[in-house]
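# Examining the three-dimensional arrangement
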Amino acid sequence: MSNNSFDALPEAVRALARADFGEVAERFRAAGFTVGLPAKGILTVKAAAPSTVPSAAPSVSRPSVLLSVGVHGDETGPIEMVAHALEALSRTPHALAVDLMLCVGSIDAIAVGKRFIDADLNRMFRLQRGDLAGTFEAGRADAIIAATRDFFEGTGARRWHLDLHTAIRGSRYPKFAIVPQLIEAEARTGLIAWLGLAGIEAVIMNPASAGTYSYWTAEQHGAAASTVELGRIGTLGQNDLSQFAEAADALARLLRGVSQSGGKAPLVFDTAQSITKLSDQFTMSFGRETENFTPLKKGDVIATDGDTVYSVQHDEECVVFPNPDVRVGLRAGIMVVRIG
Ligand SMILES: [Zn+2]
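Let us look at the structure shown here. (Residues numbered from 1 in each chain as written. Predicted model: local features only at pLDDT ≥ 70, side-chain atom pairs only at ≥ 80, totals over all residues. Heavy atoms only, no water.)

## Quick look at the coordination of the zinc ion
Note on the zinc ion: its protein donors are His-72 (ND1), Glu-75 (OE), Glu-75 (OE) and His-165 (ND1). The metal-donor distances range over 2.0 to 2.3 Å. Here the zinc ion binds four donor atoms, and the angle range of 58 to 144 degrees at the metal identifies the geometry as irregular. Expressed as a motif, the donor residue spacing for the zinc ion is H-x2-E-x89-H. Each member of the pair, His-72 as well as Glu-75, carries the same accessibility label: buried. (Donors = N, O, S within 2.8 Å, 3.2 Å for Na, K, Ca; no water. Tetrahedral: all angles 85-135°; square planar, octahedral: opposite > 155°, others 65-115°. Buried < 20%, exposed > 50% of the residue type's maximum accessible area, 1.4 Å probe, protein only.)

See below:
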């Protein structure tokens, strides 16, 4: 994205896209919060330590909410949505009822209007990175991982992480979320209920990490975490924000500690199989333009990879995130089956 198109953006959006938290940070600081800027593009706002306000409830009793946007630099809708939410909240700072960390993931990719610089940031959250280790995004992930650890360290049990994305391709359920299976049952139920309030139509339970940020926080920090797909990808400043209205409303309430009820329960899907690209011989029966949740019938070939043939095992499996162009060793798609 050129500087000219940045200049046309609303101030709050431009500031967030440039990792400039100046004004917003100042408002929270002036209201008595402890504000941190642990790395470029990362803001933390916590209740002041109890020792400074003896009668105040300690910070550990507040839920901790991590919001991440722009983990893929071309997914700009959630950046706009969160910029407006943060701007509004900072004008009534005492309404903030949680400890908040906001992470703008791929600051450098956003600046040039790209998805990433070297490699997909949302595959870096793993202990062994293999040939991803030397990439630009590996360094960025290290900074995010350190800030995330510091944020959750010493906080109470109610930990949330909403990693907000938009999809490249169409989807039979335009708004859907991936939820790590290992989240403790009660927290998971609360998370899925919130996702319903946010307009999410379908939830995929994921049994294994693909190196995503949300799986990392669930596994390492016990967070009720989810990768949330809020709709279609768009250009910064030109997103149709009406598609995010329910999510924006649910988020505003979450941050203010306003209890919510209602919402439609999302459909629930289980992961039937993860399709991993094992070699350069990998070919998929469909391209990356295939709609998410496109159904396939039992026996249909999903992909071949040398002698390995991936085929549909259940009566019906739906494909999500098909992408034959990923690097060898990474996930090229998920097959899901509806369970609820
Ligand atoms: Zn994404």
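Right, picking up where we left off after that structure.
## Quick look at unusual backbone geometry
Of note, the phi angle at Phe-293 is positive, near 70 degrees, even though the residue is not glycine. The residue Phe-293 is located in the loop between strand 10 (283–284) and strand 11 (294–297) in this model. We note that Phe-321 has phi near 55 degrees; this positive angle belongs to a residue other than glycine. (Helix = DSSP H or I, 4+ residues; strand = E, 2+ residues; numbered from the N terminus.)

## As for the packing of helix 3 (residues 22–30) against helix 4 (residues 77–91)
Two numbers describe how helix 3 lies on helix 4: the axes approach to 9 Å, and their chain directions differ by 30 degrees. If you check the angle between helix 3 and helix 4, you find them roughly parallel. Where helix 3 crosses over helix 4, the handedness of that crossing is left-handed. Residues Val-24, Arg-27 and Phe-28 of helix 3 form the contact with helix 4, whose own contacting residues are Leu-86, Glu-87, Leu-89, Ser-90 and Arg-91. (Axes fitted to C-alpha atoms, helices over the stretch in contact; angles between N-to-C directions. Parallel < 35°, antiparallel > 145°, perpendicular 65-115°, else oblique. Left-handed = near helix turned anticlockwise from the far one by under 90°. Contact = heavy atoms within 4.5 Å.)

## Notes on the side chain of Ser-171
Mapped onto the fold, Ser-171 is located in the loop between strand 5 (159–167) and strand 6 (176–180). Ser-171 sits in the buried class, given a relative accessible area of 12%. Reaching out from Ser-171, the side chain makes a polar contact with the backbone oxygen of Tyr-173 at a distance of 2.6 Å. In this structure, Ser-171 is in contact with Phe-176, Glu-291, Asn-292 and Phe-293, ignoring residues within four places of it in sequence. (Polar contact = N/O pair within 3.5 Å; in protein donor to acceptor, adjacent residues only side chain to side chain.)

## As for the side chain of Arg-27
Counting through the fold element by element, Arg-27 comes out in helix 3. Residue Arg-27 is classed as buried on the basis of its relative accessible area, which comes to 17%. Those residues in contact with Arg-27 that sit more than four places away from it in its chain are Glu-87, Ser-90, Arg-91 and Pro-93.

## Concerning the pairing of strand 9 (residues 267–276)
As paired elements, strand 7 (residues 202–206) and strand 9 share four bridges and run parallel to each other. Across the sheet, the residue bridging to Val-203 is Val-268, located in strand 9. Pairing between strand 9 and strand 15 (residues 331–338): seven bridges, direction antiparallel. The partner of Ser-274 across the bridge, within strand 15, is Ile-334. (Pairing = 2+ DSSP bridges.)

## Section: the packing of aromatic side chains
A complete count under the given rule lists nine aromatic pairs for this structure. When the centroid spacing of 5.1 Å and the interplanar angle of 90 degrees are considered together, the rings of Phe-176 and Phe-293 count as edge-to-face. Here Phe-176 is found in strand 6, whereas its partner Phe-293 is found in the loop between strand 10 and strand 11, with 117 residues between them in sequence. Considered together, Phe-176 and Phe-293 belong to a single accessibility category, that of buried residues. Aromatic side chains Phe-176 and Phe-321 sit 5.7 Å apart centroid to centroid with 45 degrees between the ring planes, which places their arrangement in the tilted category. (Phe/Tyr/Trp six-rings, centres within 6.5 Å; stacked < 30°, edge-to-face > 60°.)

## Topic: the sheet that holds strand 2 (residues 42–46)
Strand order in the open sheet made by the twelve strands is 1-2-4-3-5-8-6-7-9-15-14-11, with mixed pairing throughout. The sheet terminates laterally at strand 1 (34–39) and strand 11, the two strands that pair on one side only. The sheet shows a mean angle of 25 degrees between the axes of neighbouring strands, taken without regard to direction. In this sheet, strand 4 (residues 99–104) lies alongside strand 3 (residues 64–69) in parallel orientation, the contact comprising six bridges. Across the sheet, the residue bridging to Val-69 is Val-104, located in strand 4. In the packing of helix 8 (residues 213–221) onto the sheet, the strands contacted are strand 3, strand 4, strand 5, strand 6, strand 7 and strand 8 (224–232), and the crossing angle to strand 5 comes to about 170 degrees. Along the sheet, helix 9 (residues 245–256) contacts strand 3, strand 4, strand 5 and strand 8; its crossing angle with strand 3, the most-contacted strand, is approximately 150 degrees.

## Some points on helix 9
Over its twelve residues, helix 9 extends 17 Å from the first C-alpha to the last, a length consistent with the 16 Å expected when each residue adds 1.5 Å. Residues of helix 9 that are buried include every one of Ala-247, Ala-250, Leu-251, Leu-254 and Leu-255, and no others. Axial view of helix 9: buried residues confined to an arc of 130 degrees, hence all on one face. Of the surrounding elements, those touching the buried residues of helix 9 are strand 3, helix 4, strand 4, strand 5, helix 7 (185–197) and strand 8. Looking at the residues trailing helix 9, positive phi occurs at Gly-257, about 70 degrees. (Expected span 1.5 Å × (residues − 1). Arc of directions from axis to C-beta.)

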